[in-house]
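Summary of structural features
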Amino acid sequence: MTNPFDDPDKNYTVLVNAAGEHSLWVSGIPVPAGWEVTYGPRGRQACLDHIAENWRDLRPNAAARRAA
């Protein structure tokens, strides 16, 4: 069995949760509670590029605020 999250031919979305964490998600699979779609659907690489451009601080939002 192959992992659907590795298929370059599928459409994907980018999800973000309340902690500011980002996730690549296959379009058409229900979005888990606590996450929302913020980008897509687009190709896999476009979504990965979006994550790289927009999720620069990998700490959860609360940890980043405490450090500031």
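Our structure's up above, just so we're on the same page.
I will try to describe carefully the structure that is included in this document. The numbers attached to residues start from 1 for each chain and follow its sequence in the written order. Side-chain atom pairs in this predicted model are given and counted only at pLDDT of 80 or more, local residue features only at pLDDT of at least 70, and totals for whole chains, interfaces and linings cover all residues. Side-chain metrics rest on all non-hydrogen atoms present in the structure, leaving aside hydrogens and water.

The next thing to look at is the overall build of the protein. The secondary structure listing takes helices from DSSP runs of H or I that are at least 4 residues long and strands from runs of E that are at least 2 residues long, numbered from the N terminus. Tallying secondary structure elements over the protein gives two helices and three strands in all. Ordered by position in the sequence, the α and β elements of the protein form the string β-β-β-α-α. Every one of the 68 residues in the protein was classed for burial, and the buried ones make up 24%. Accessible surface for the protein amounts to roughly 4700 Å². Of this, 53% is attributable to carbon and sulfur atoms. Each residue gets one of three labels from its accessible area relative to the maximum for its type: buried under 20%, exposed over 50%, partly exposed in between, using a 1.4 Å probe on protein chains only. Every accessible area reported is derived by Shrake-Rupley at a probe size of 1.4 Å, with residue values counting cover from the shown protein chains alone.

Along the chain, Val 14 turns up in strand 1 (residues 11-17). Two residues qualify as a contact provided that any one of their heavy atoms is within 4.5 Å of a heavy atom in the partner residue. With residues near it in sequence (within four places) discarded, Val 14 still touches His 22, Ser 23, Glu 36, Val 37, Thr 38, Tyr 39, Cys 47, His 50 and Ile 51.

The subject of this paragraph is unusual backbone geometry. For the bond running from Gly 40 to Pro 41, omega is 10°, close enough to zero to count as cis. With respect to the helices and strands, the residue Pro 41 is situated in strand 3 (residues 35-43).

Time to look at the nonpolar core. Formed by Tyr 12, Val 14, Leu 24, Val 26, Cys 47 and Ile 51, the largest nonpolar core amounts to six residues. Looking at this core, the elements that each hand over two or more residues are strand 1, strand 2 (22-26) and helix 1 (44-54). By convention a nonpolar core is built from buried Ala, Val, Leu, Ile, Met, Phe, Trp, Tyr and Cys residues, the set being connected through side-chain atoms within 4.5 Å.

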